[in-house]
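Residue strings, one per chain:
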Amino acid sequence: MNFIKNLISLMLLMIFFNSVFICSLTDFSLIIKILLIVISSSAYFFINFKAPEIGQDSKKLRYLNHGCNLIMLSGYASLPETALTVALCLKTDASVISIIINSVFSGIFILAMTFNGIIRTALTSKQIKFIWYILLILMWYIPPVNIIIFRHFYKTGKRELRFETARLDLEKVRAENSVCHTKYPILMVHGIFFRDWQYFNYWGRVPNALIANGAEIYYGNQQSAKSVAESAEELKQRILEVIRESGAEKVNIIAHSKGGLDSRYAISNLGMDKYVASLTTINTPHKGCDFVDNLLNLFPESFINFVAEKYNRIFSKLGDNSPDFLSGILDLRASFCKKLDESLPDSPDIFYQSYMSEMKNFFSAGIPLNIGYLLIKKCNGCNDGLVWVESARHGENFTLIQNKLPRGISHGDMIDLFRENIKGFDIREFYINIVRNLKNMGL
């Protein structure tokens, strides 16, 4: 059905783009010429400004689909239009002026439709990377580079459309099942150098996916950088606050990176074992990061103190009461974490599980994770750009996340940091499965 619609649209567009030839070269009557031009020009503006229905309630996906279709139609229209122009140039009785006018006319409107599609796709797609916008701005007028750029916008937009449409269909099927409605609420605990900001969620699209499936979500709200002991104290107060707010007896903690250490400390040393039903750690350096030790040894103390002072000043303005960059960093050293790990025994009353992902190569992430990957790979082997695999292993329930495709999964990918749809790995479905399993365990 879509093929037929697109074919009809393309035919009407071709009539509109060649209005000059239709008026000057054909033997059609004036009424027929006027009708063809009116119908085709109306079709052009209708195609450009009326987003077709896609069977989903999402306006974003509807406009994304529209943008992709416009890029596709303009691309298909440019091929026969170019062939027609060449054929007319070879025809001896064709007017040079009419060829030039028609070519300029069709070129302007094809380009206008292309950019209409590009703008709509750019405004609604979250998967097109920033570098492609820069290339578009700098090279949109350079053939065939612009063709490569336009094609990338189309293919990325279409891929996102298929992925998100499939997710919406899946959510509709299981909407009534509340597969993530656990007995105890979920407390999501962030790692170092981030906060639980209202307008930029540390966990990306994950919380909304969990909530849509029945989960009750709370956030750790600890400061961005503190020692493990200080962050754990803040987390303790947050756990008690969630208990009071929710009326639940316990919480299920899902913690990423250093947040896993903060959570373990609160459970083992601050009496929170009575209020925690489960602890799920994601890419947590239970045995520390040799990467941190190496960096601290690489830079002079004066430089490290300078960075710490600047960081503390900036994050004080961003909401932290008393950020402590240096304490947070020092508590991630392998030498410190090894002792910490031994001093934090697991509670027999709590279900523990740990997850870890790994990058497959330098190109699995951007700076600084790709650089971290190379440095850690040399010292400790497989890693996610910050944490090596064996450091994240904790307890008997350990799962290593490996993407079968070359992309790999980085430290940032595990919290949906870049909101990227990764081939072979659906981050939202990953967390839904974690919480669904907790529900099935009666937690």
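For the structure itself, consult the block above.
Chemist: Outline the layout of surface pockets, supporting the account with residue identities and numerical values.
Modeler: Here the largest pocket is characterised by a volume of approximately 1300 Å³. Along the walls of the largest pocket sit 47 residues, with Phe193, Ile367, Pro368, Leu369 and Leu386 positioned nearest its centre. Elements with a minimum of two residues in the lining of the largest pocket: α6 (130-139), α11 (290-298), α12 (301-317), α13 (325-330) and α15 (369-380). Examining the composition of the lining of the largest pocket, we find that four residues originate from one element, α11, more than from any other. When the residues that make up the lining of the largest pocket are grouped by side-chain class, the tally is 32 nonpolar, ten polar and five charged.

Chemist: Describe the packing of α6 against helix α7 (residues 145-174), naming the residues involved and giving the relevant values.
Modeler: Interhelical geometry of α6 versus α7 gives an angle of 145 degrees and a closest axis separation of 10 Å. Of the two possible hands of crossing, α6 and α7 adopt the one that is left-handed. Listed contacts from α7 to Trp132, Tyr133, Leu135, Leu136 and Met139 of α6 are Val145, Asn146, Ile148, Ile149, Phe150, His152 and Phe153.

Chemist: So what about helix α10 (residues 258-269)? Which residues, and what values?
Modeler: For α10, built from twelve residues, the straight-helix expectation of 16 Å at 1.5 Å per residue is met to within 8% by its first-to-last C-alpha distance of 16 Å. Among the twelve residues that make up α10, ten are buried, leaving the element largely enclosed by the rest of the structure. Of the positions making up α10, those classed as buried are Lys258, Gly259, Gly260, Leu261, Asp262, Ser263, Arg264, Tyr265, Ala266 and Ile267.

Chemist: Any chance you could break down unusual backbone geometry for me, citing the residues and the numbers?
Modeler: Cis geometry marks the peptide bond from proline 143 to proline 144; its omega dihedral reads -5 degrees. Within the element layout of this structure, proline 144 appears in the loop between α6 and α7. Cis geometry is adopted by the peptide bond preceding proline 368, which originates at isoleucine 367 and carries an omega value of 5 degrees. Along the chain, the position of proline 368 falls in the loop between β5 (351-357) and α15. You will see that phenylalanine 193, though not glycine, has its phi angle at about 70 degrees, which is positive. Its place among the elements puts phenylalanine 193 in the loop between β1 (186-189) and α8 (206-212).

Chemist: Let's hear about the packing of helix α4 (residues 59-90) against helix α5 (residues 96-124): which residues, and what values?
Modeler: The interhelical angle for the contact between α4 and α5, taken along N-to-C directions, is 160 degrees, at an axis separation of 8 Å. If you check the angle between α4 and α5, you find them roughly antiparallel. In the crossing of α4 with α5, the sense of the turn from one axis to the other is left-handed. Considered class by class, the residues forming the contact of α4 with α5 number 13 nonpolar, 13 polar and three charged.

Chemist: Describe the pattern of salt bridges, with residues and values.
Modeler: With the rule as written, the count across this model stands at 17 salt bridges. One salt bridge connects aspartate 416 with arginine 205, and the closest N-O pair in it is separated by 2.8 Å. Of this pair, aspartate 416 sits in the loop between β6 (398-401) and α17 (427-440) while arginine 205 is found in the loop between β1 and α8, placing the two residues 211 residues apart along the sequence. In this structure aspartate 416 comes out as buried when scored by relative accessible area, which is 2%. Given a relative accessible area of 14%, arginine 205 falls into the buried group. With its nearest N and O atoms 2.8 Å apart, the salt bridge here joins arginine 264 to aspartate 341. Highlighted residues: arginine 264 in helix α10 and aspartate 341 in helix α14 (residues 334-342), separated in sequence by 77 residues.

Parameters at a glance
Residues numbered from 1 in each chain as written. Predicted model: local features only at pLDDT ≥ 70, side-chain atom pairs only at ≥ 80, totals over all residues. Heavy atoms only, no water. 1 Å grid on protein atoms, 1.4 Å probe; cavity = no way out; pocket = protein on both sides within 12 Å on 5 of 7 lines; lining within 4 Å. Points joined across faces, edges and corners; volume = space filled by probe spheres on them. Helix = DSSP H or I, 4+ residues; strand = E, 2+ residues; numbered from the N terminus. Nonpolar A, V, L, I, M, F, W, Y, C, P; charged D, E, K, R; others polar. Axes fitted to C-alpha atoms, helices over the stretch in contact; angles between N-to-C directions. Left-handed = near helix turned anticlockwise from the far one by under 90°. Contact = heavy atoms within 4.5 Å. Expected span 1.5 Å × (residues − 1). Buried < 20%, exposed > 50% of the residue type's maximum accessible area, 1.4 Å probe, protein only. Parallel < 35°, antiparallel > 145°, perpendicular 65-115°, else oblique. Salt bridge = Lys/Arg side-chain N within 4 Å of Asp/Glu carboxyl O.

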